[in-house]
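# Reading the structure
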Amino acid sequence: MNIVQKFKETAFSVLPVMVIVFVLGVTAAPLGINLMLRFLLGGLLLIAGLTVFLIGVDIGILPLGEMCGSELTKKRNLPLLLVSAFFMGFLVTAAEPDIQVLADQVRSVFSLVNKRLLVMMISAGVGLFITLGLLRTVLHFSLKIILALSYIVVFILAFIGPRSFVGIGFDSGGATTGPMTVPFIMSLGLGVSAVRTKTGHSDENSLSDSFGLTGMASVGPVLAVLLYGFVLSHHAVTPSPVSVSGSEFSAVQGIPVFMQVFPFVLKEAALSLIPIILLFIVFQFSMLHMPPYQVKRMITGFLYSFAGLVIFLTGVNGGFMEAGRTLGALLGIQAVQNGGWWTVLLVCTGLLIGAVVVCAEPAVWVLTDQVESLSGGTIKRKVLLIFLAGGAAAAIGLAMIRAVSGFSLMYILIPGYAVALLLMPFCPKIFTGIAFDSGGVASGPISSTFVLSFTLGAAQAGGNRGDIFGVIALIAMMPLIAIQIFGLVFSYKKGDIGK
C-alpha cells in the first residue's frame, strides 16, 4: 500500500486543472472569493478522497475481482462464470463514483430522470457486456466483429431515439470506466486469462485477448441509457430550467456548504458500497474461503473505499463542479455575445484541459504500463500518451465549439465512429483492443466532474438546453481513432500491416 504514490497520482491528475481554473477565475472569468475558496477546498478534498478510495480499491476490491475471476474459471463452469460476471459488473458499476456524479448532473438538467433507475440501467449494461467480453475471451470470438456489430446497434437506437439522450448515453459509456470499474474489470480479466494460460489455453492470440474487455464494457451503458430514453420519451421529457451553477446546494454560501452536503454523500456512498460488501460475503462463504487475516485486509479495504468515496463526493458537490459550471458559463456567455478572442479562449481552454486531463488520469497510466509490459517494451507508453493526449484535446476543443454553436452531437459521433470502425480491419488486433480500452480509461474522475460541468455551463450559456451532454462521449471516442492510427504507423514501420 503506497500512500505517497497514490497521492502523487491523484494530485498530478487534479492540480493542473485547479491551476487553469485559478488563473481564469481571477482574470478572464472572475469567480468571486466565495466560489474560488469552495473550489480550492473541493479540489483538495477530491485529491484526498480519491487517494484514500484508490488505496481501498487496491486492498479490497482489486484482489476480490482477481480471485473471483480465477476461482470461477477454475471451476470450468461457463454458465456460472457468465452469471457471476454479470452480477459483479453490475454491483461494481453501481459503486462507481463517476457514475454517481454523472447521474446527479443528468438529474439536474432532466428532473423526470430517476437517478437510481438510471444508475441501475447503466450498471446492467456494464454487467451484460462484461459477460459478453469474457465469453469472447473464453471462446476466442473476434473482438473486431463484436465491437462493429455492437456499435451498429447503438447508432440505430441513437437515430430513432430521443435526441437529448444520445449525449447522455455516450457519456455514460465513458464515465462508467472510472477508478472503481477499470481496476476491477482488468483484475477480473487477468484472473480469467491467468487460469487459461496455466491450463494450456495460451496461444499466439493471448496477447491480443488481454485487451478489449474495458472497451466492451463501455458499449453496454450506451445501449441501456438509449433504451431508458425510449421509455421516458413517452412522458415528454424536457430539460428543467437550470441556474448557472446548477447545484442544489448553491444557495448555501461559503465553507458551510461542505457540511450541508455531507449527510447526502454519506448516504450515497453507503448505498454504493453495500452491494460490493454483500458480493464479498456471498463469494467468501461459497467459493473463496479466505483465511481470517485476508478477510480482515479486505474489510480494511472496504472501509478505506467508503471513507475515500465520502470525501471525494463531498469535494465534488461542495464546490468543484459548481466552479466548473460557472467558469464555463462565464466564458460561454462572452463567446456567444462577443465572439472573437473569447471563442478562441474557450476553445483553447478546452484543448489545454483535454491534454492535461488524459495525461494525468491514473487509469491511463495503469493501461499504458500494462501495454508496455505485455508487449515487451515494443509499444512505448510515452508514444501512447502523446496520441491519447492529442485525441482528448481535440475532443474537448470540439465540445467547446459545439457548446457555443449548438450543432448536433451526431455530426461528430457518426463520422468519428465510422472512421474508428473502418480502421479496424487494417489495424493489428492488439491495437484495436488497446484503442477501445483507451477510450474507456481516458474519461475519468476529472472528466465526469469538472470537464462535464464546464461544458454544461458553456452550453447553457449559449442557449442550448436539451442536446448539451456528450463531452465525455467525445473524450472516449477520440482514442479509438488516435490509437488505431498509431497501430497502423507501428505496423507500417514493422512491415506487417494487416496482421
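Right, let's talk about the overall build of the protein chain for a bit. If you tally the helices and strands in the protein chain, you get 20 helices and zero strands. Counting across all 499 residues of the protein chain, residues that qualify as buried make up 61%. For the protein chain, contacts bridging at least 24 residues in sequence account for 88% of all contacts bridging at least 6. Total accessible area on the protein chain stands at roughly 18,600 Å², and carbon and sulfur atoms take up 71% of it.

Let us look at the nonpolar core. Of all hydrophobic cores here, the largest spans 155 residues; its most connected members are Leu413 and Phe450. Here Phe450 is in contact with Val17, Val21, Phe39, Phe320, Gly324, Leu327 and Ile353, once residues within four sequence places are set aside.

Moving on to the confidence of the model for the protein chain. Per-residue confidence for the protein chain gives a mean pLDDT of 81, with 86% of residues at or over 70. Element-level mean pLDDT values for the protein chain span from 54 in helix 9 (residues 206–209) up to 90 in helix 17 (residues 410–423).

What follows covers the packing of helix 17 against helix 20 (residues 471–494). Between helix 17 and helix 20, the shortest axis-to-axis distance is 9 Å and the interhelical angle comes to 30°. Comparing the axis directions of helix 17 and helix 20 gives the class roughly parallel. The handedness of the crossing between helix 17 and helix 20 is left-handed. Where helix 17 approaches helix 20, its residues Ile412, Leu413, Gly416, Tyr417, Val419, Ala420 and Leu423 are matched on the opposing element by Ala473, Leu474, Met477, Leu480, Ile481, Gln484, Ile485 and Leu488.

Position of Gln100 among the secondary structure elements: in helix 4 (residues 97–109). With residues near it in sequence (within four places) discarded, Gln100 still touches Ala94, Lys115, Arg116, Val119, Glu268 and Ser272.

How each quantity is defined
Residues numbered from 1 in each chain as written. Predicted model: local features only at pLDDT ≥ 70, side-chain atom pairs only at ≥ 80, totals over all residues. Heavy atoms only, no water. Helix = DSSP H or I, 4+ residues; strand = E, 2+ residues; numbered from the N terminus. Buried < 20%, exposed > 50% of the residue type's maximum accessible area, 1.4 Å probe, protein only. Contact = heavy atoms within 4.5 Å. Areas by Shrake-Rupley, 256 points an atom, 1.4 Å probe, with all protein chains shown as cover. Core = buried A, V, L, I, M, F, W, Y, C linked by side-chain atoms within 4.5 Å. pLDDT = per-residue confidence, 0-100. Axes fitted to C-alpha atoms, helices over the stretch in contact; angles between N-to-C directions. Parallel < 35°, antiparallel > 145°, perpendicular 65-115°, else oblique. Left-handed = near helix turned anticlockwise from the far one by under 90°.

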